[in-house]
Amino acid sequence: MKQKPYLSLEDVKRMAAAAEAEALAHQWAVTIAIVDDGGHLLWLQRLDGAPAVSAQIAPAKAHTAALGRRESKIYEDIINQGRVSFLSAPGLSGLLEGGVPVLVDGHCIGAVGVSGVKSSEDAQIARAGIAALA
């Protein structure tokens, strides 16, 4: 039987703290979501001043990145390049930049999704959280 790594609660807390630190360093009010490899929510943190809708968008971005095993920006790019039929992909709703998968030894073990500022800044925060695992 094959084995693969997984996110522990300690890992999730470490990633969340690093993502929060990145957001606060830039004074960005965001929501941070962390999911497991199946896209199931493990952590949701809405910083003071973050838009209410960001609490729905961040988990959707994370879910999409985990299930697709790639950054959610890839799907945004596909749609922006004219393949609008991709909007009908079942089970995917966070088709915006800001969802980043957590990859360890070739396995996707989860994802971080962030919402509240520019999409590229959301992704920057997500990557900062993931970097805390190194």
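Refer to the structure printed above.
Residues numbered from 1 in each chain as written. Predicted model: local features only at pLDDT ≥ 70, side-chain atom pairs only at ≥ 80, totals over all residues. Heavy atoms only, no water.

J.: Got a sec to walk through the side chain of T31? Specific residues and values, please.
T.: With respect to the element layout, T31 can be found in strand β1 (residues 31-36). Within the structure, the side chain of T31 is placed 2.7 Å from the side chain of S54, a separation counted as a polar contact. Filtering out sequence-adjacent residues up to four positions away, T31 remains in contact with L44, Q45, R46, A50, S54, A55, A58, G113, V114 and S115. (Helix = DSSP H or I, 4+ residues; strand = E, 2+ residues; numbered from the N terminus. Polar contact = N/O pair within 3.5 Å; in protein donor to acceptor, adjacent residues only side chain to side chain. Contact = heavy atoms within 4.5 Å.)

J.: Pulling in residues and values, what's your account of helix α2 (residues 54-68)?
T.: Here α2 spans 21 Å end to end across 15 residues, near enough to the 21 Å set by a 1.5 Å rise per residue. Listing the buried residues of α2 in full gives S54, A58, P59, A60, K61, A62, T64, A65, A66 and G68. Buried residues along α2 sit in contact with β1, β2 (41-46), α3 (73-80), β3 (99-104), β4 (107-115) and α4 (119-131). Among the residues trailing α2, R69 stands out with phi positive, at a value near 60 degrees. (Expected span 1.5 Å × (residues − 1). Buried < 20%, exposed > 50% of the residue type's maximum accessible area, 1.4 Å probe, protein only.)

J.: Got a sec to walk through the sheet that holds β2? Specific residues and values, please.
T.: Reading across the sheet, the 4 strands line up as β2-β1-β4-β3 and stay open at both edges, with antiparallel pairing between neighbours. Because the sheet does not close on itself, it has two edges, and the strands there are β2 and β3. Averaged over all pairs of adjacent strands, the angle between strand axes in this sheet comes to 15 degrees, irrespective of strand direction. Here β3 pairs with β4 via 6 bridges, running antiparallel. (Pairing = 2+ DSSP bridges. Axes fitted to C-alpha atoms, helices over the stretch in contact; angles between N-to-C directions.)

J.: I'd like a rundown of the packing of helix α1 (residues 9-25) against α4, residues and numbers included.
T.: Remark: α1 packs on α4, axes separated minimally by 7 Å, with the N-to-C direction vectors making an angle of 140 degrees. Here α1 is positioned oblique relative to α4, judged by the angle of their axes. Relative to α4, α1 is oriented so that their crossing is right-handed. Touching M15, A18, A19, E22 and A23 of α1 are Q124, I125, A128, G129 and I130, all from α4. Residues that form the contact of α1 with α4 fall into these classes: 7 nonpolar, 2 polar and 1 charged. (Parallel < 35°, antiparallel > 145°, perpendicular 65-115°, else oblique. Left-handed = near helix turned anticlockwise from the far one by under 90°. Nonpolar A, V, L, I, M, F, W, Y, C, P; charged D, E, K, R; others polar.)

Function cannot be inferred from these measures alone, as they are strictly geometric.
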